[in-house]
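# Report on the structure
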Amino acid sequence: MSDARTAILARLRAAPKATVPDLPEWTGPVFADRLERFRIMLEAVHGEVHVIAADQWRPHLRLILSSKDVGRVMAPPELAVDWPDVVAYDRPAEALKDQLVDGIDAAITTACGAIAETGTVVLRPDADQPRLMSLLPPIHVVLLKLSDMADNMAGLMAAQDWAGTMPTNLLLISGPSKTADIEQTLAYGVHGPKELIVLVLS
Amino acid sequence: MGNDFSSRAHDALNNPQLRRNFRRAMDGLMSKRAVQFADRDDWAALRARGAAIKARALARLPDLLEEFEQKARANGIIVHWAETTADANSIVLGILTDHGAKRVIKGKSMVSEEMHLNAHLEAHGITAVESDLGEYIIQLAGEAPSHIVMPCIHKNKGEIARLFTDNIAGQPYTEDVDALTAAARKVLRREFAQADAGLSGVNFLVAETGSLVLIENEGNGRLSTTLPPLHIAVTGIEKLVEKLDDVAPLLALLPRSATGQPITTYVNMITSPRKAGEKDGPRQVHLVLLDNGRSRVYADLQLRDTLRCIRCGACMNHCPVYARVGGHTYGSVYPGPIGKILTPQLAGLDCAGDLPHASTLCNACVEVCPVQIPIADILVRLRTEAAQPSQAPGVKGAGSNASMVENAVWKGWQAMNASPAVYAAATRSLAVIGNLIPAAAPLLRQWTSVRSKPKFAGKTLHQLARDKGYDNE
Ligand code: SF4
């Protein structure tokens with residue numbers, strides 16, 4: 001279809017030229033208490049936020065998982081999650097599909113950043129923490145360093161040079177999966193996780 | 001249902017259930033949006049930025065398309081170009097056939113609706129299952145979306161409960177929204193696991209990085225673009241933005257305008273297929289860039305503003321016409337104010353020329369549009385183009401509503417007003433015979449069908465003034 005390409009581009013180039021407007025000034029909001037804003041926004045959409053000392057998250061996670069009746073957990077081995085039944089995402093998805101779709105109760109991943117304004121965690125899935133971990137199991141637990149939290153999206157993008165380092169898939173997650181398609185009534189866990197739990201490591 | 005806007009509107013207005021469903025939904029959406037943009041100064045600054053981002057991207061569109069294509073190709077995404085929806089359909093079908101794909105799972109995509117892709121695939125033995133809950137519901141009902149963001153907004157839970165009981169094996173009748181949602185999750189999980197390919201739309205294409213940005217709440221868009229071995233995205237050529245930075249203000253506008261959410265649950269930025277060593281994600285990612293008349297719209301500097309649209313749906317949520325007649329009345333994939341300006345330009349004024357008239361020009365849409373599209377001005381322009389085509393090449397079917405009688409009347413009106421003697425004679429004779437002309441007279445009939453015919457005064461304004469002692473000057 002390179003004919004289509006040539007024809008479409010030729011028509012666009014033949015069109016009258018408009019002036020290229022400058023971008024008017026705009027900056028995202030900043031917050032005196034980022035963590036508080038993050039918590040308010042994420043809790044408002046049914047997310048859970050726990051603030052924990054960085055060296056205390058393993059026992060705390062164990063308590064959370066016990067309280068939720070979790071059986072099998074998926075986590076990358078380097079996190080050394082303390083739980084009786086932990087599996088790793090150690091093969092391509094094709095070989096793990098059945099288990100991923102229906103056999104994991106909770107997945108633990110790390111976040112590379114967070115946005116206070118919208119209560120958002122940012123994930124860069126990779127070979128150790130693939131994309132489906134934050135999508136298929138009904139509970140998703142995210143480990144986030146408080147120092148990785150920015151006020152707003154534009155700030156985080158700039159600080160982490162997203163444009164220069166885009167991975168295969170970059171994800172912004174703000175709460176558990178939800179829908180309001182039936183009479184604008186909110187329902188959680190429609191396709192993705194029913195619960196999103198963020199452990200903020202201070 | 002009738003086959004023009006006014007007869008369909010008539011049917012819709014007489015459907016109290018439909019009117020209740022829409023009124024409730026629109027009221028909710030309007031108040032949620034209002035909360036998000038409570039600070040007028042923030043709103044003004046943000047939308048000025050959003051409008052400028054899209055206007056800049058359009059001004060540089062051919063360059064950005066090339067830049068995007070080069071980046072995306074370098075990242076391993078296969079880019080296709082389609083002149084028409086028929087071309088786009090055969091490109092998608094070709095990719096699926098090459099992979100031997102029989103089952104496709106779909107994330108929400110208005111461009112795929114524009115292509116009528118599901119029917120095309122079905123006709124070639126490929127099953128396409130919609131996975132967005134709203135789209136799944138209307139697919140079960142065999143209907144088209146009635147809203148670009150919330151496709152089944154016209155249905156209440158009773159109707160949905162019946163649909164599920166009739167179509168999902170073993171599903172008991174329940175109006176419980178959580179139970180209905182869980183039932184759909186179960187059915188669609190199986191579909192996701194079995195699908196040979198995932199199909200999605202795109203919200204923004206980033207030229208700088210060659211990325212596809214998709215937003216959603218349910219996770220079905222992520223599943224469609226992650227679980228199957230093949231991902232095909234379809235989108236219009238106008239979705240380009242220059243920089244990744246541009247995405248932040250646009251994301252601050254889109255979900256808040258659409259549903260009053262600060263952000264959607266998921267923002268999914270896709271820059272390449274699965275790389276060596278990665279364990280999931282599709283092994284191939286294809287992107288089909290569709291023109292379908294957009295480059296013609298682009299050729300007219302005023303009409304080009306139509307292409308800034310980020311498909312938030314705020315214009316329909318705030319439209320007094322849409323709220324009363326619902327989305328299906330428009331008889332086109334894109335309803336509401338954006339549909340009234342986009343559809344006639346894509347399909348032609350000869351096919352959809354009644355749509356620009358389905359407006360009171362109240363300007364509510366213009367006030368809420370996050371990218372400041374002058375919808376009302378474009379409506380007036382399209383009305384004019386239908387009756388008196390300009391020299392501009394931009395409008396398909398221009399002149400389709402031209403009427404010799406109407407043109408003659410306007411010529412006469414012009415001549416009358418240009419000559420004091422003719423004007424005086426004409427107004428004087430109307431003062432005498434005006435009230436004798438029946439309301440159902442041929443040229444008046446249509447106008448008086450919804451209005452009362454005015455009463456003519458016995459004397460003209462000039463005569464009254466002269467009686468009071470004013471001179472001609
Ligand atoms: S025209 Fe404006 S308000 Fe309407 S859908 Fe497009 S961006 Fe939203």
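Residues numbered from 1 in each chain as written. Chains lettered and ligands numbered in written order. Predicted model: local features only at pLDDT ≥ 70, side-chain atom pairs only at ≥ 80, totals over all residues. Heavy atoms only, no water.

## Details of the pattern of salt bridges
Rules: Salt bridges are identified by distance alone: a Lys or Arg side-chain nitrogen within 4 Å of an Asp or Glu carboxyl oxygen. Strands here are runs of E lasting at least two residues and helices are runs of H or I lasting at least four, both read from the DSSP assignment and numbered beginning at the N terminus. Burial classification: accessible surface area is computed with a 1.4 Å probe over protein chains only, and a residue below 20% of its type maximum counts as buried, one above 50% as exposed, and the rest as partly exposed.
For the coordinates displayed, the defined rule picks out 33 salt bridges over all chains. One salt bridge connects Arg5(A) with Glu69(B), and the closest N-O pair in it is separated by 2.7 Å. Within this pair, whereas Arg5(A) is found in helix α1 (residues 2-14), its partner Glu69(B) is found in helix α4 (residues 61-74), the two belonging to separate chains. Assessed through its relative accessible area of 3%, Glu69(B) is described here as buried. It is possible to trace a salt-bridge network through shared partners that takes in Arg5(A), Arg13(A), Asp63(B), Glu66(B), Glu69(B) and Arg73(B).

## Focus on the nonpolar core
Our working definition: To form a nonpolar core, buried Ala, Val, Leu, Ile, Met, Phe, Trp, Tyr and Cys residues must be joined to one another through side-chain atoms within 4.5 Å. Throughout, the edges of the domains are those of an automatic or database domain assignment.
If you look at the biggest cluster of nonpolar residues, it comprises 127 residues, and the most contacted ones within it are Trp162(A), Leu172(A), Val92(B), Leu96(B), Leu212(B) and Met269(B). Residue-level mapping places this core at the junction of two domains, with at least three residues from each of domain 1 (1-36 + 301-402) and domain 2 (57-292) of chain B. Counting residues in hydrophobic clusters, the runner-up holds 38 residues, among them Ala107(A), Met133(A), Ile138(B) and Ile160(B).

## Thoughts on the site of the ligand
For the record, the criterion: Each residue is tested against the molecule or strand, and it is near if at least one of its non-hydrogen atoms lies within 4 Å. Amino acids outside the nonpolar list (Ala, Val, Leu, Ile, Met, Phe, Trp, Tyr, Cys, Pro) and the charged list (Asp, Glu, Lys, Arg) are all regarded as polar, and Gly is one of them.
If you check the shell around the ligand, you find Cys309(B), Ile310(B), Arg311(B), Cys312(B), Gly313(B), Cys315(B), Ile338(B), Cys369(B), Pro370(B), Val371(B), Ile373(B) and Ile375(B) and nothing else. Split by residue class, the shell around the ligand holds 10 nonpolar, 1 polar and 1 charged.

## Structural notes on the sheet that holds strand β6 (residues 211-216) of chain B
Here is the rule we go by: Strand pairing is assigned whenever DSSP detects at least two bridges linking the two strands.
Judged by pairing direction, the sheet is mixed, and its 8 strands sit side by side in the order β8(A)-β5(A)-β6(A)-β9(A)-β9(B)-β6(B)-β5(B)-β8(B) without closing on themselves. Both edges of this open sheet fall to β8 (149-150) of chain A together with β8 (240-241) of chain B, since each of them pairs with a single strand only. Here 5 bridges tie β6(B) to strand β9 (residues 266-270) of chain B, and the two strands are oriented antiparallel to one another. Along β9(B), the bridge assignment pairs Val213(B) with Met269(B).

## Some thoughts on the side chain of Gln345(B)
Residues and elements named next belong to chain B. Basically, it comes down to this: By the criterion applied in these results, polar contacts are pairs of N or O atoms within 3.5 Å in which, for protein atoms, one can donate a hydrogen and the other can accept it, and in which residues neighboring in sequence qualify only through two side-chain atoms. Every residue pair with non-hydrogen atoms within 4.5 Å of one another is taken to be in contact.
Within the secondary structure, Gln345 is located in helix α16 (residues 336-347). A relative accessible area of 0% places Gln345 in the buried class. Within the structure, Gln345 has its side chain in polar contact with the side chain of Thr306 (distance 3.1 Å). Looking at Gln345, its side chain comes within polar contact range of the main-chain oxygen of Ile341, at 2.8 Å. Not counting residues within four places of it along the chain, the set of residues in contact with Gln345 comprises Arg296, Val297, Leu303, Thr306, Ile378, Leu382 and Lys396.

## Overview of the pairing of β9(B)
The buried fraction of β9(B) amounts to 5 of the 5 residues, a majority that puts the element mostly inside the structure. Relative to β9(B), strand β9 (residues 169-173) of chain A is paired through 5 bridges, and the arrangement is antiparallel. Along β9(B), the bridge assignment pairs Leu170(A) with Met269(B).

## Concerning the environment of Asn268(B)
Within the secondary structure, Asn268(B) is located in strand β9. When its relative accessible area of 1% is taken as the criterion, Asn268(B) is described as buried. For Asn268(B) and Val213(B), which are 55 residues apart along the polypeptide, the C-alpha to C-alpha distance reads 5.7 Å. For Asn268(B), the residues in contact, after removing those within four places along its chain, are Asn169(A), Leu170(A), Leu171(A), Leu212(B), Val213(B), Leu214(B), Gly221(B), Arg222(B) and Thr225(B). Among the polar contacts listed, one links the side chain of Asn268(B) to the side chain of Thr225(B), at a separation of 3.1 Å.

## Concerning the interface of chain A and chain B
Stated formally: Defined here as a combined quantity, buried area equals the accessible surface (1.4 Å probe) lost by two parts on assembly, summed across both.
Across the contact, 73 residues belong to chain A and 92 residues belong to chain B. Together chain A and chain B conceal approximately 7,300 Å² of surface at their shared face, both sides included; 61% is due to carbon and sulfur atoms. Taken as a group, Trp26(A), Ile182(A) and His191(A) account for 11% of the area that chain A buries against chain B, more than any other trio of residues on that side. Summed over the shared surface of chain A and chain B, the number is 9 salt bridges. Connecting chain A to chain B are 45 residue pairs in polar contact (both at pLDDT 80 or more). Those elements giving two or more residues to the side of chain A that touches chain B turn out to be α1, α4 (93-102), α5 (153-159), β9, β10 (178-179) and β11 (187-188) of chain A. Here the side of chain A that touches chain B gets 8 residues from one element, more than from any other, and that element is α1(A).

## Observations regarding the packing of aromatic side chains
All names here are of chain B. So the rule is basically this: Centre distance within 6.5 Å is the pairing criterion for rings of Phe, Tyr and Trp, where only the six-membered ring of Trp is used; planes under 30 degrees apart are then read as stacked, over 60 as edge-to-face, and the remainder as tilted. Both a distance and an angle decide whether a charge sits over a ring: NZ of Lys or CZ of Arg must be within 6 Å of the ring centre and within 35 degrees of the ring normal.
Enumeration according to the criterion identifies 6 aromatic pairs over all chains in this entry. On the numbers, 5.9 Å between centres and 75 degrees between planes, the contact of Tyr136 with Phe164 is edge-to-face. Residue Tyr136 is found in helix α8 (residues 133-141), and its partner Phe164 is found in helix α9 (residues 157-167); the two are separated by 28 residues along the sequence. On the basis of relative accessibility, which here comes to 5%, the residue Tyr136 falls in the buried class. For the pair Trp410 and Trp413, a centre-to-centre distance of 6.5 Å together with 85 degrees between the ring planes defines the contact as edge-to-face. Of this pair, Trp410 and Trp413 both sit in helix α20 (residues 404-418), separated by 3 residues, roughly a single helical turn. Above the ring of Tyr298, the side-chain terminus of Arg304 is found at 3.7 Å from the ring centroid.

## Overview of unusual backbone geometry
All names here are of chain B. Here His116, not a glycine, exhibits a phi torsion of approximately 50 degrees, which is positive. Note on placement: His116 falls in the loop between α6 (110-115) and α7 (117-123). The backbone phi angle of Gln372 is positive, close to 55 degrees, even though this residue is not glycine. Take Gln372: it is sitting in the loop between α18 (364-368) and α19 (375-387).

## What to know about the pairing of strand β4 (residues 197-200) of chain B
Residue and element names in this part refer to chain B. Residues Ala197 and Leu199 of β4 are buried on one face, and the alternating residues Gly198 and Ser200, pointing to the opposite face, are buried as well. Two elements, strand β2 (residues 103-106) and β4, share 3 bridges in a ladder whose sense is parallel. When the sheet's bridge partners are listed, Ile105 is paired in β4 with Gly198. Here 3 bridges tie β4 to strand β7 (residues 230-236), and the two strands are oriented parallel to one another. Residue Gly198 lies in a different strand from β7, and its bridge partner there is His231.

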